Structures are given as C-alpha cells and as structure tokens.
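# A closer look at the structure
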Amino acid sequence: MKKLCIFFILALFLTGTISAAPAAVELTYWTHEDPNRTEIENRYIMEFETANPGVVVKRVTSPSGKMAEKVLTSFAANRGPDMFNLQIEDEYAYIVNRRLAPIDFKAVGYSSVKAIFDAYLPRVLDPATFEGNLYGLPMELTNWSVYVNDRIFKAAGLNPEKEYPKTWEEMVAVSQKIVIREGQIIKRRGFDFRYPYYLVSMVPMVEQLGGKLISEDGQKAIINDQAWIQFLTFMKEWGPNGKNLGSPTYTNARNLFNKDKNDIAMCLSGLYQAGRIRKDNPEFYNSREWRVIPFPVFKNAVKNVACNYYGHYYVVNAGKPKENQQMAWKFIGYMLAHPEEYLSKVGLIQPTVKLMESQTFKAMPYANVFKEDMEKGHIVYYGENSAKIQQHMRGAIESVMLAGDSPETALEKLKRRAQEALQEQ
C-alpha cells in the first residue's frame, strides 16, 4: 500500500512538472526561394530559437512565381502559415479582407506605431496600412533596372559603354543585332521582359505614352486607348509573330543572365541580382564585365516614368492563436533588425531612413542607378483585386504576342475585364 501511495505521489509530481513546462510554439514561415537569404535567415532562426526556448520556426520556401497561388489556396482552406511575405499587389487583398493581424509594435521592437512610421521612408508603409492600422513591414522595397552583359555586347560588335539602349526603340534595334536563332527558335536573346509581372514593369511603359491603369478617382480602369494600343502593338512586334525577339514561353531571362552562357544579353532585375551573380558565377561577377543601366523610355514619351517599385511585406495570419501572432511579430522584428546584412549579402533594400543614408547602401554596385530610377517611379498598383487585374493584363499582352490577336481586340477585352474586376472591390 505504501509503495502504491509513493507511485501515485510520483505520478502526480511528474504530471505537475510536465504541465508546468512551457508549451512549445511552432511558427510556420512561408517565403520565396532565395539562396542568399536562406543562408542568413536559417542563422536568424537558430539564434531566435536559442533566445526563445520552446519556440520552433519552420521556414518553407517556394518559387517566387508560385507563392501567390500557394498562399491563396492555403487561406481558402483555413490552413495558412503563421507568417509569410508576398508582393503587395498579391498581398493587399488579405489586408482588406481582415485575414491578417495588425502589427504588434512592442513585439517588433518599437515604442509605438508612430515610431515605426518615423523609421521608414515616407509612404512606403502606406500599402500595408488599412483603416488606420498597420499590417505589415517591408522585407524589401524593390525596383528593376536593366542588367547588361558586356561580353555578349562585344561579341555582337557593340560597345556596351556607348551603345546600350536608352529607349524602347533602341532596345529593339540592339536586340536585333544580338539575337541568334535556329529557324524560329531563339538561341540568344538581346533582352526580354519579366513575365508575368506586368503591373510592375509594363504599366510604366503605358504611362510613358500617356496612359494609365486606373483613373485618379479610382473608378475607371484602362485610361487612354491610344497609349494602350501603342504599347500592345510594341509587344506584338516584340513577340514570335512579330520581330521574334522574346516571348513568355522562354526561360526567365533573369535566371539565364547569371550563368553567362551566351543566352541573354540584358534582363530586368533588382539590386539583389548582383548578389546572386556573385554567388552563382563569381568569375563573371568579379570580371566586372556587366553593368546596370536605367529603365528605357519610349522616344515619343510624354512622361519620364521608370519601373514601378514594389514591396514584399512580412505579415501575420490573424487566424492563428494570439501567442503565435505575438511570437511571429517578434521573429519578424528580429529578422528586420539586420538591414545592412540583408543589403550587403542579399541585395535587399529595407526602406528605412537609416539604411538609405548608410555607406553600405552607397557602396553597392550601381546603387545610384536604382536610386535614380526609383525616384522616377512609383509604387505598383495595389488593390483588393490587383492580382486579378494583373491576370487580365497578362491575357491581353500574351494574346497579342502568342495568339495573333490585334491590339484593338485585346484592348477591348482588357478594358471590360479590368473594369469588372475594379467594380468588384
């Protein structure tokens, strides 16, 4: 009997000990693939878990082009991650539909929400603000300029210092000198676009010609038919059924550029691309036989507009327990406490006042080109249905490039569908 009592006392003691132990908090963090960022963020996770016993952070990566669909599917099934990041044009709908948690300013290391706004450049937090609440912090603010492979220019008999394209018409002419084909199949492109990020890089081309995606009052989509027809005509001529200089069906130009295999002479990308070249192809990076040039402008442009800039904002799932939300914000705050390392090792700009004034930023190769282009650009269009509008833009552009539609027919469909999407908001 005495042994039995001792057994029960021991059992109760062990039960109490186990229940008193801190419950583990497991956080799932979804983000897009980036080898340079993976290296430092895996270290941040180890450091954060060490400093916060009982917390486990599971980092899951996906190709950047698949992230929006993956997040949408998971939220539809109420199985979204604790935290994630997307481009704001894909992310904004989650904010306005209240699927995300407002920021916990103490958890991310600030004294107030105002202190957060004071720390960042003007207006860069506006896209993550809704009805007076802030819902996200930018992992990066990115714009694209044009990377040039000097070796391919020289092989084509071009001087990259003097003969790089400053206009879209010159981009066509230079690409025609560089392109190599076997029959109708392109083996070397001069340049190609960032398909399917049409809101970021192609809306500015329309704006250069005097058009707009959305009217100033936000009530009408696709402004100035002539500007849109001129743009769609340009894209039709660029594609396989025109001058055959590029296509959405080819491998992403940005990925080929790093390999320096005589596949692509120019691509659109951000400051981060330099870090990826350094990692993927150190010989090419160190040769300095590459450069960055400004975003081209049409010869008859009525407005000097560069590529739009966009933000990937860290956000937290409002459907998770409060403890998870708070810890997720704390982890986000920890990652964002290393802005100079994100910049120097990954090439990502966290748009804080302090970082943009730092010597680290000023020392980055071609940082001045990106800075000047950013000053000529503006934030990408974001709205509740911006992702849907981008899909309609994709349909119009690819219909003239690949399906043989006339610019007028494509524009008619785009205007109708974009207006319907706008009115759904």
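Residues take numbers from 1 onward in each chain, read along the sequence in its written order. Per-residue local features of the predicted model are confined to residues with pLDDT of at least 70, and side-chain atom pairs are confined, for both listing and counting, to 80 or more; whole-chain, interface and lining totals are unaffected and use all residues. Just so you know, side-chain values use all the structure's heavy atoms and leave hydrogens and water out.

Before going further, it helps to spend a moment on the sheet that holds strand β13 (residues 290-293). A pair of strands counts as paired when DSSP detects no fewer than two bridges linking them. Only DSSP runs of H or I covering at least 4 residues are called helices, and only runs of E covering at least 2 are called strands; the numbering of each starts at the N terminus. With mixed pairing, five strands are arranged side by side in an open sheet as β8-β9-β12-β7-β13. Strands with a single pairing partner mark the edges of an open sheet, and in this sheet they are β8 (180-182) and β13. Taking each pair of neighbouring strands and ignoring which way they run, the sheet shows an average axis angle of 30 degrees. Two strands pair when backbone bridges link them, and strand β9 (residues 185-192) and strand β12 (residues 264-269) are joined in this way by three bridges, in the parallel orientation. If you follow Asp-192 over to β12, its bridge partner there is Cys-267. The contact definition used throughout considers only heavy atoms, calling two residues in contact when any of these lie within 4.5 Å. Working convention: axes come from line fits to C-alpha atoms, limited for helices to the stretch in contact. Angles between N-to-C directions cover 0 to 180 degrees. Across the sheet, helix α12 (residues 272-280) is in contact with β7 (145-149), β12 and β13; its angle to β7 comes to roughly 30 degrees.

For the rest of this paragraph, the subject is unusual backbone geometry. In the segment running from Tyr-195 into Pro-196, the intervening peptide bond is cis, with an omega of 5 degrees. Within the secondary structure layout, Pro-196 lies in the loop between β9 and α8 (198-201). Here the phi dihedral of Arg-123 falls at roughly 75 degrees; this positive angle occurs in a residue that is not glycine. Along the chain, Arg-123 falls in the loop between α5 (113-119) and β4 (129-130). A positive phi angle, near 55 degrees, is found at Asp-260, a position not held by glycine. Assignment of secondary structure puts Asp-260 in the loop between α11 (253-259) and β12. Take Asp-260: its relative accessible area is 19%, and that puts it in the buried class. Only protein chains enter the accessibility calculation, which uses a 1.4 Å probe; a residue whose area is less than 20% of its type maximum is buried, one above 50% is exposed, and one in between is partly exposed.

The description of two packed helices rests on the angle between their axes and on the distance between the axes. Where helix α2 (residues 35-51) meets helix α14 (residues 322-335), the closest approach of the two axes is 10 Å, and the angle between their N-to-C directions is 125 degrees. The pairing of α2 with α14 is recorded here as oblique in orientation. For α2 against α14, the interelement crossing comes out right-handed. On α14, the residues that touch Glu-41, Tyr-44, Ile-45, Glu-47 and Phe-48 of α2 are Met-327, Lys-330, Phe-331, Tyr-334 and Met-335. As a working rule, the residues Ala, Val, Leu, Ile, Met, Phe, Trp, Tyr, Cys and Pro are called nonpolar, Asp, Glu, Lys and Arg charged, and the rest polar, with Gly in that last group. In the contact of α2 with α14, the residues fall into seven nonpolar, no polar and three charged. Roughly parallel refers to an angle under 35 degrees, roughly antiparallel to one over 145, roughly perpendicular to one between 65 and 115, and oblique to any angle outside these ranges. We call a crossing left-handed when the near helix sits turned anticlockwise from the far one by less than a right angle, and right-handed when that turn is clockwise.

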